Amino acid sequence: MSSVLRPTAVRVETLSGAVPAELMAFVDADPMVNAVVSERLRVAGSLEPRRLGGTLLAVRDASGAIAGAALSGGILMPLGGGSEQWRALGRHLATRRRPCSSVIGRVAAVEALWAELAGSWDEPRAIRAAQPLLVLDSAADLPAGDSRVRAVRPDELDRYLPAAAAMFTEELGISPYRQTGVADYRRRVESVIATGHAFAVFDEAGDVVFKADLGVVSRHTCQVQGVWVRPDQRGRGIGSAALVPVLRHALSLAPTASLYVNDFNRPARRTYARLGMREVATLSTILF
């Protein structure tokens, strides 16, 4: 007697209330990729969207266990699972107005989500198909760095802000002032400075030559973001030397330092390789 095998049923639900241990374990199973969400969950202490920065969606399998998840807010971040779970999330989100300005996650997750979303969401303005996620777990072999690198002071906001905006525009192809508004972006940069997580090299005129931020510090990794060298100073090794103190500081806060880079940015990839950073995953980003 023959039987017909049916695909495992999955269902998507919105989680609320306290952070269940099952969810935390699921997120931390991919600690480098999910660092941002892991830290948000820890800090927020609940699944309240305003505190978490989005709605946590879970995909449960036939047994009721979490088999996939995503944080849906200003950024849509798939957190784990496989093709079946990502497509289920995509179908769920396709019936709703797009809430995000970008989608970011492992390549396979983003591709599966987009296969379901492309028919109902608007055309993206850019797709960064391959972004290596790099990790450094020891400062022992780092070379001597640029001693001029230091944390940006609150009173230097107006000098740092143009460099932060220039980096954002260059990286994402749109001015941050168009995306979030002048006041909102200023407050965002001001908050990074206030935490001591903005680093820079200033020239004799007081203008920024190099900048980098610590975007998130989780119990697994300290993620470096916004690495930028002023265009007229590129090609002189400034970025490589200036990044060393930033990486050392990152490794004083977490067991690893990490960052991701566009695969086509060959100068940056060579720099990170020289500093001993290794690839642990490949991400993809869709920008709207």
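For the structure given in this document, a descriptive report is provided here.

Criteria and cut-off values
Residues numbered from 1 in each chain as written. Predicted model: local features only at pLDDT ≥ 70, side-chain atom pairs only at ≥ 80, totals over all residues. Heavy atoms only, no water. Helix = DSSP H or I, 4+ residues; strand = E, 2+ residues; numbered from the N terminus. Rg over C-alpha atoms; globule rule 2.2 N^0.38 Å. Buried < 20%, exposed > 50% of the residue type's maximum accessible area, 1.4 Å probe, protein only. Contact = heavy atoms within 4.5 Å. Areas by Shrake-Rupley, 256 points an atom, 1.4 Å probe, with all protein chains shown as cover. Lys, Arg positive; Asp, Glu negative; His and termini not counted. Charge placed at Lys NZ, Arg CZ, Asp CG, Glu CD. Pairing = 2+ DSSP bridges. Axes fitted to C-alpha atoms, helices over the stretch in contact; angles between N-to-C directions. Parallel < 35°, antiparallel > 145°, perpendicular 65-115°, else oblique. Left-handed = near helix turned anticlockwise from the far one by under 90°. Polar contact = N/O pair within 3.5 Å; in protein donor to acceptor, adjacent residues only side chain to side chain. Patch = residues over 30% accessible without salt bridge, like charges linked within 9 Å, V, L, I, M, F, W, Y side chains within 5 Å. Salt bridge = Lys/Arg side-chain N within 4 Å of Asp/Glu carboxyl O. Arc of directions from axis to C-beta.

### Topic: the overall build of the chain
In step 1: The helix and strand inventory of the chain stands at 10 helices and 12 strands.
In step 2: On C-alpha atoms alone, the chain measures out to a radius of gyration of 20 Å, which is about the 19 Å that the 2.2 N^0.38 rule sets for 288 residues.
In step 3: Expressed along its principal axes, the backbone C-alpha trace of the chain runs to roughly 80 × 40 × 35 Å.
In step 4: In the chain, buried positions account for 49% of the 288 residues.
In step 5: Nonlocal contacts in the chain, meaning residues at least 24 apart in sequence, comprise 69% of its contacts between residues at least 6 apart.
In step 6: Here the chain has roughly 14000 Å² of accessible surface; of this, 52% comes from carbon and sulfur atoms.
In step 7: For the chain, the separation between the mean place of its 34 positive charges and that of its 29 negative charges on side chains is 2 Å.

### What to know about the sheet that holds strand β10 (residues 222-229)
In step 1: Judged by pairing direction, the sheet is mixed, and its 12 strands sit side by side in the order β1-β2-β3-β4-β5-β12-β6-β11-β10-β9-β8-β7 without closing on themselves. In this open sheet, the two strands that pair with only one neighbour each are β1 (11-14) and β7 (150-151).
In step 2: Here four bridges tie strand β3 (residues 66-73) to strand β4 (residues 75-80), and the two strands are oriented antiparallel to one another. Looking across to β4, one finds that Ser-72 is bridged to Leu-76.
In step 3: In the packing of helix α4 (residues 83-94) onto the sheet, the strands contacted are β1, β2 (54-60), β3 and β4, and the crossing angle to β2 comes to about 130°.

### Some details on the packing of α4 against helix α5 (residues 107-117)
In step 1: One way to put it is that α4 packs onto α5 with a least axis distance of 8 Å and a crossing angle of 40°. The angle between α4 and α5 falls in the class oblique. Relative to α5, α4 is oriented so that their crossing is right-handed. Listed contacts from α5 to Trp-86, Arg-87, Leu-89, Gly-90, Arg-91, Leu-93 and Ala-94 of α4 are Ala-108, Ala-109, Ala-112, Leu-113, Ala-115, Glu-116 and Leu-117.

### What to know about the environment of Glu-116
In step 1: Position of Glu-116 relative to the elements: it lies in helix α5.
In step 2: Judged by relative accessible area, Glu-116 falls into the partly exposed class, the value being 22%.
In step 3: For the pair formed by Glu-116 and Val-182, sequence separation is 66 residues and the distance between their alpha carbons is 34 Å.
In step 4: Among residues more than four places away in sequence, those in contact with Glu-116 are Arg-87, Gly-90, Arg-91 and Ala-94.
In step 5: Separated by 2.8 Å, the side chains of Glu-116 and Arg-87 make a polar contact.

### Quick word on a positive patch on the surface
In step 1: The grouping of Arg-266, Arg-269, Arg-270 and Arg-274 at the surface amounts to a positive patch.
In step 2: By secondary structure assignment, the location of Arg-274 is in helix α10 (residues 266-274).

### A short note on the pairing of β2
In step 1: Among the seven residues of β2, six are classified as buried, and the element is accordingly described as predominantly covered.
In step 2: Alignment of β1 against β2, held across four bridges, turns out to be antiparallel. Looking across to β2, one finds that Glu-13 is bridged to Ala-58.
In step 3: When β2 meets β3, the two strands line up antiparallel, connected through seven bridges. Bridging across to β3, Ala-58 finds its partner in Ala-69.

### Re α10
In step 1: Those residues of α10 not exposed but buried are Ala-268, Thr-271 and Tyr-272. Considered in projection along α10, the buried side chains sweep an arc of 95° and stay on one side of the axis. Opposite the buried face of α10, at more than 90 degrees from it, the exposed residues are Arg-266, Ala-273 and Arg-274.
In step 2: Structurally, α10 contributes buried residues whose contacts are with β6 (126-136), β10, α9 (238-253) and β11 (257-260).
In step 3: With a side-chain oxygen positioned 3.3 Å from the backbone nitrogen of Ala-268, the residue opening α10 is Asn-265.

### Looking at the side chain of Lys-211
In step 1: Examined against the element boundaries, Lys-211 turns out to sit in strand β9 (residues 208-217).
In step 2: Relative accessible area serves as the criterion here: at 0%, Lys-211 is assigned to the buried category.

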